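# Structural characterization, general
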Amino acid sequence: MFKGFVRDKMSVFFAILFPMFFIVIFGIVFAGGGTSKQKVIEVGSVPLIQELPQQARDGLAQVVEFESGQTLDAALESVRKGDVAAAVEQQGDTLVVHYSNADQTAAATVQGVFSALIDNANLAAAGVTTPQFTLQPQQVEDQSLKTMQYVAPQMIAYGVSIGAVFGAALTLITWREKKLLRRLRLAPVSTSTVVGSRVAVSLGVALLQLVIFVGFSMLLGLKLVGAWYMTIPLVLAGTLSFLAIGLLVGAVAKTAEGGSGLANLITLPMAFLSGAFIPVEVAPQWMQVVSKFLPLGYLVDGMKDVMVRGQGPSAALIPILVLLAFAAVITVIATRLFKWDSA
């Protein structure tokens, strides 16, 4: 039985190597138990921060990177887009922190940092009976929005990705194993017709997924804001990218088990590195750079922009172009590795 287990490569992969991979991923992401430095915009004069002793400012700089020079409206827009974690302004003895609940990790981090800053400032003001400074957190979005508002775009993007990758990969491998590809090659049907049919089915399934996922999410609290209709071209472009990945997996893998393992090895890490499961901002800097080369990250960000952050149609253009370019490059590679027969 032990020899049978060892000889079964897929059993060894999922029992040992696959869990080890995620141990490495989580070990790297959460190394040191801290969070990455958050970007915060100082709006106008903030004496509470500017008059800190140098040692205190150095300590604050370990977790917060300050920017300045923007108006309040521009700063709030940067927070909504997710470009910065928060915008801070001082109104008398009140420190107002504007944050976005779209990234709950960053929101909690900056609120904790400035809450500690206020506490220390009040302790330093010796001889007063009431706190001199107060903290006023303000969410830049509608306070009535639920957590589903921010979870839905991520999960919809991930669902579309695995549907396209696994659908294309396993279909191609199964057809090759059953000699169906050879029959199609000899049949009076052009290759473009076969490929076009596969693409059309994948796009149709993706649109069906989008309708079902959005409808179900709306029952749980999702509210569509901004140019939400741009999720349709975003999902179509994303499906083409993930379909190309599926074709590449199907071209490389020789068995359905091998194809399933390889598809999992691609999609699951990509989900973690692209912000579909956890905010990519908590990862080390080099992993944030890697995420810029993964298609799922562009789909997640694009859907957040048009579904949650209230952005217009132009916010989806760059993600769509990147996804289409990625699809074109991977498709070229997949076609060069494609084989009609498993031999």
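First, a word on scope: everything that follows refers to the structure included in this document. Everything numeric here is computed off the predicted structure, so don't read it as measured data.

Turning to the environment of Lys81, a few remarks are in order. For Lys81, the location among the structural elements is in helix H5 (residues 72-81). Relative accessible area serves as the criterion here: at 34%, Lys81 is assigned to the partly exposed category. Considering only alpha carbons, one finds Lys81 and Ser100, 19 residues apart in sequence, at a separation of 8.8 Å. Residues contacting Lys81, with those up to four places away along its chain left out, are Asp305, Arg309 and Gln311.

This next bit is on the pairing of strand E1 (residues 38-42). Side-chain positions along a regular strand alternate between the two faces of the sheet. Judged by how many residues are buried, E1 sits mostly within the fold: 4 of 5 residues are covered. Both E1 and strand E2 (residues 64-68) contribute to a ladder of 5 bridges, which runs parallel. Looking at E2, one finds that Gln38 is bridged to Val64. Bridge count for E1 against strand E3 (residues 86-91) is 3 bridges, and the pairing is parallel. Residue pairing across strands places Ile41 opposite Ala87, the latter belonging to E3.

Where helix H10 (residues 231-252) meets helix H13 (residues 295-307), the closest approach of the two axes is 10 Å, and the angle between their N-to-C directions is 170 degrees. What the angle tells us is that H10 and H13 run roughly antiparallel. Taking contact as the criterion, the partners of Thr231, Leu234, Val235, Ser241, Phe242 and Ile245 in H10 are, on H13, Pro295, Leu296, Leu299, Gly302, Met303, Val306 and Met307. Grouping the constituent residues of the contact of H10 with H13 by class yields 10 nonpolar, 3 polar and no charged.

The next point concerns the nonpolar core. Judged by nonpolar contacts, the single largest core of 40 residues is most densely connected at Ile156, Leu234, Phe242, Leu296, Leu299, Met303 and Met307. Contributions of two or more residues to this core are made by helix H7 (148-177), helix H9 (191-219), H10, helix H11 (256-273), H13 and helix H14 (317-337). Take this core: its biggest share by element is 10 residues, from H7. If near-sequence neighbours (up to four positions away) are discounted, Ile156 is found in contact with Leu210, Phe213, Val214, Met303 and Met307.

Before going further, it helps to spend a moment on the packing of aromatic side chains. Throughout the structure, instances matching the rule amount to 2 aromatic pairs. Here Trp228 and Tyr229 contribute two aromatic rings whose centre-to-centre distance is 6.3 Å and whose plane-to-plane angle is 70 degrees, an arrangement assigned as edge-to-face. According to the relative accessible area criterion, Tyr229 is partly exposed, its value standing at 42%.

Parameters at a glance
- Residues numbered from 1 in each chain as written.
- Predicted model: local features only at pLDDT ≥ 70, side-chain atom pairs only at ≥ 80, totals over all residues.
- Heavy atoms only, no water.
- Helix = DSSP H or I, 4+ residues; strand = E, 2+ residues; numbered from the N terminus.
- Buried < 20%, exposed > 50% of the residue type's maximum accessible area, 1.4 Å probe, protein only.
- Contact = heavy atoms within 4.5 Å.
- Pairing = 2+ DSSP bridges.
- Axes fitted to C-alpha atoms, helices over the stretch in contact; angles between N-to-C directions.
- Parallel < 35°, antiparallel > 145°, perpendicular 65-115°, else oblique.
- Nonpolar A, V, L, I, M, F, W, Y, C, P; charged D, E, K, R; others polar.
- Core = buried A, V, L, I, M, F, W, Y, C linked by side-chain atoms within 4.5 Å.
- Phe/Tyr/Trp six-rings, centres within 6.5 Å; stacked < 30°, edge-to-face > 60°.

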